[in-house]
Amino acid sequence: MKKIPSSHRILVVDDEELIRKSIQGLLHDYGYEVATARSGPECLQIMSAQHFDLVILDIFMPEMSEIEVLQRIKEMYKDTEVIMITGYVDKEKAIATFRLGVYDFIEKPFESKEILNTISNCLNQLELKKEIGKKGQELRKSEEALLESEKKFRLLSSYLLKAQERERRRISTELHNEMGQDLTLLKLKLRSIERRLRVDQKEIKQDCKDTLRYIDQVIKNVRRLSLDLSPSILGDLGLSAAIRYLIDDLTKHYNIKISVDIEDINNLFSRDAQIMVYRVIQESFTNIVKHSQATCVSVVIKKQSGSVSFLVEDDGKGFNVKKVMAGNSAKKGLGLAAMDERARMVGGSLYIWSQRDKGTKVVLTAPVDKKGTQ
């Protein structure tokens with residue numbers, strides 16, 4: 001064995017001076033830093049003041065049993081390795097010491113090569129344990145950092161979605177109050193102009209009527225856009241009515257058959273939770289219109305024990321869920337990613353199933369808010 005300077009510190013504990021000195025001298029020659037002790041109490045006294053990587057402990061000593069010494073060593077330093085030296089190995093005692101963490105036994109009389117190899121293997125294993133522990137600690141820190149980043153991301157996502165709702169509400173109010181009023185005023189003025197026209201100004205009168213019809217359509221579109229941005233129907237009539245409005249709007253503007261089975265879920269969610277649920281259903285319908293090419297849609301809303309399940313299923317062309325969810329979040333936009341985040345914000349879960357040419361199923365499960373809308 002090559003003599004290499006070592007930073008490992010070893011304590012040799014034996015009541016026989018000859019054995020202590022011979023092991024100490026041998027290990028010194030191979031670059032180890034070695035201290036000695038004559039008994040268990042002396043061993044523990046020395047170890048209370050300094051740490052050792054390895055203790056070579058005689059199995060038979062006065063004053064304290066090797067089991068008690070071994071237990072005390074492991075209590076002080078869990079990472080300290082122990083090698084027992086003995087004239088013979090008692091099976092039951094060997095099992096007991098191995099359970100307490102003994103690395104190995106060396107029987108007396110021993111050869112230099114044997115003890116050096118055992119010590120070298122033991123210390124190599126110790127270094128490996130330390131390296132694994134270090135990597136494990138680094139991994140734990142990385143996991144903690146990742147969890148913290150995820151937590152911050154979730155908070156940011158939640159903040160952005162709430163800010164988005166506030167901005168939608170503001171724009172909706174401006175559309176309804178300001179633009180709506182301006183369009184109504186414009187309509188009244190145009191009617192006033194129409195009434196003042198002469199009987200022979202038929203073409204201009206017709207232009208006024210056409211413009212009035214166009215203004216009526218613009219007013220209707222503004223109202224619909226305002227309602228899409230901030231569903232005031234939630235506060236007026238409740239979540240069930242708001243979802244039925246979405247369904248009616250879908251059937252009115254698109255050639256899609258819809259089967260509906262909706263239980264009354266009003267007063268089961270807070271105002272914020274209602275908006276989040278409404279947005280998930282709304283986004284599901286938007287995806288159907290934009291991507292699915294579906295002809296039939298099923299909407300089922302059922303109350304369960306302490307929660308409500310919302311199912312939206314279509315017979316469209318479907319898609320690869322894993323591929324889309326694993327893709328670039330920018331491509332997903334505020335679609336599936338936002339649906340999942342909104343489900344999380346209400347303390348619920350979102351399940352999406354889809355296959356090519358077999359349609360898509362979206363299931364939102366949301367816990368009932370005991371406060372409801374009270």
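Data block above holds the structure.
A few points on the structure. Quick caveat, the model's predicted, so the values are computed rather than measured.

Section: the overall build of the protein chain
Scanning the protein chain from terminus to terminus reveals 12 helices and 10 strands. The C-alpha radius of gyration computed for the protein chain amounts to 39 Å, which surpasses the reference 21 Å derived for 374 residues by more than 25%, pointing to a less compact arrangement than a globule. Overall, the protein chain is about 135 × 45 × 35 Å in size when its C-alpha atoms are taken along their principal axes. Every one of the 374 residues in the protein chain was classed for burial, and the buried ones make up 40%. Within the protein chain, contacts between residues at least 6 apart in sequence are counted, and of these 67% link residues at least 24 apart. For the protein chain, the exposed surface amounts to about 22,300 Å²; the carbon and sulfur share of it is 52%. One finds the centroid of the 61 positive side-chain charges in the protein chain at a distance of 11 Å from the centroid of its 55 negative side-chain charges.

A look at the packing of helix 8 (residues 239-253) against helix 9 (residues 271-292)
Across the interface, helix 8 lies against helix 9 with an axial gap of 10 Å and an inter-helix angle of 15°. With respect to each other, helix 8 and helix 9 are oriented roughly parallel. Crossing angle aside, the handedness with which helix 8 passes helix 9 is right-handed. Of helix 9, the residues touching helix 8 (which contributes Leu239, Ala242, Ile243, Tyr245, Leu246, Ile247 and Leu250) are Gln274, Val277, Tyr278, Ile281, Gln282, Phe285 and Val289. Taken together, the residues that form the contact of helix 8 with helix 9 break down as 12 nonpolar, 2 polar and no charged.

A few points about the environment of valine 312
With respect to the helices, strands and loops of the structure, valine 312 is situated in strand 8 (residues 307-314). On a C-alpha basis, the gap between valine 312 and phenylalanine 285 in space is 8.2 Å, while along the polypeptide they are 27 residues apart. Once residues within four sequence positions are removed from consideration, valine 312 is found in contact with Ile281, Ser284, Phe285, Ile288, Val297, Ser298, Thr360, Lys361 and Val362.

Concerning the sheet that holds strand 4 (residues 81-86)
With respect to topology, 5 strands assemble into an open sheet ordered 2-1-3-4-5, the strand pairing being parallel. Of all strands in the sheet, those with a lone pairing partner are strand 2 (33-37) and strand 5 (104-107), marking the two edges. Ignoring which end each strand starts from, the neighbouring axes of this sheet average 20° apart. Bridge analysis of strand 3 (residues 54-58) against strand 4 gives 5 bridges, and the strand direction is parallel. Bridge pairing in strand 4 links valine 55 to valine 82. Its contacts with the sheet put helix 1 (residues 17-29) on strand 1 (9-13), strand 2, strand 3 and strand 4, and the angle it makes with strand 2 is roughly 170°. Packed onto the sheet, helix 2 (residues 40-49) meets strand 1, strand 2 and strand 3 and runs at close to 140° relative to strand 2.

A short note on a nonpolar patch on the surface
Taken together, the side chains of Leu156, Tyr159 and Leu160 define a hydrophobic patch exposed on the protein surface, amounting to about 320 Å² of accessible area. Position of leucine 156 relative to the elements: it lies in helix 5 (residues 112-196). On the accessibility criterion, leucine 156 (45% relative accessible area) is partly exposed.

Some thoughts on the pattern of salt bridges
It is possible for side chains bearing opposite charge to pair when their charged atoms get close. One pass over the full model with this rule turns up 17 salt bridges. The closest approach of N and O atoms between glutamate 127 and lysine 130, which form a salt bridge, is 3.9 Å. Taken as a pair, glutamate 127 and lysine 130 lie in helix 5 at a separation of 3 residues, close to a single helical turn. Given the relative accessible area of 35%, lysine 130 is considered partly exposed. For aspartate 261, the salt bridge is made with lysine 302, and the minimal N-O distance between the two is 2.9 Å. Here lysine 302 lies in strand 7 (residues 296-304) and aspartate 261 lies in strand 6 (residues 257-262), a separation of 41 residues in the sequence. For lysine 302, a relative accessible area of 30% puts it in the partly exposed group. The network of salt bridges with common partners includes Asp14, Glu16, Asp58 and Lys108.

How each quantity is defined
The residue numbers shown here count from 1 along each chain, following its written sequence. Reporting in this predicted model follows two pLDDT cut-offs: at least 70 for local features of residues, and 80 or more for side-chain atom pairs to be given and counted; totals over whole chains, interfaces and linings ignore these cut-offs and use all residues. Side-chain measures here rest on the full set of heavy atoms in the structure, leaving out hydrogens and waters. A run of H or I in DSSP becomes a helix once it reaches four residues, and a run of E becomes a strand once it reaches two; helices and strands are each numbered from the N terminus. Computation of the radius of gyration draws on C-alpha atoms, with the globule rule given as 2.2 Å multiplied by the number of residues to the power 0.38. Each residue is assigned to one of three classes by its accessible area relative to the maximum for its type, calculated with a 1.4 Å probe on protein chains only: buried under 20%, partly exposed between the two thresholds, exposed over 50%. Contacts between residues were defined by any pair of non-hydrogen atoms, one from each residue, lying within 4.5 Å. Method for areas: the Shrake-Rupley scheme with a 1.4 Å probe, in which residue coverage is limited to the protein chains shown. In this tally, Asp and Glu contribute negative charge and Lys and Arg positive charge; neither His nor the terminal groups of the chain are included. Think of each charge as sitting on NZ of Lys, CZ of Arg, CG of Asp or CD of Glu. A fitted line through C-alpha atoms represents every axis, and for helices the fit uses only the stretch in contact; the resulting angles, taken between N-to-C directions, go from 0 to 180 degrees. Convention used here: angles under 35 degrees read as roughly parallel, angles over 145 as roughly antiparallel, angles from 65 to 115 as roughly perpendicular, and any remaining angle as oblique. Here a crossing is called left-handed whenever its near helix is offset anticlockwise from the far helix by less than a right angle, and right-handed whenever the offset is clockwise. Amino acids are sorted into nonpolar (Ala, Val, Leu, Ile, Met, Phe, Trp, Tyr, Cys and Pro), charged (Asp, Glu, Lys and Arg) and polar (every other residue, Gly among them). Here a strand pair is declared whenever DSSP counts at least two bridges between the two strands. Exposure above 30% relative accessible area and the absence of a salt bridge qualify a residue for a patch, where like charges join within 9 Å and nonpolar side chains (Val, Leu, Ile, Met, Phe, Trp, Tyr) within 5 Å. A side-chain nitrogen of Lys or Arg and a carboxyl oxygen of Asp or Glu constitute a salt bridge if their distance falls within 4 Å.

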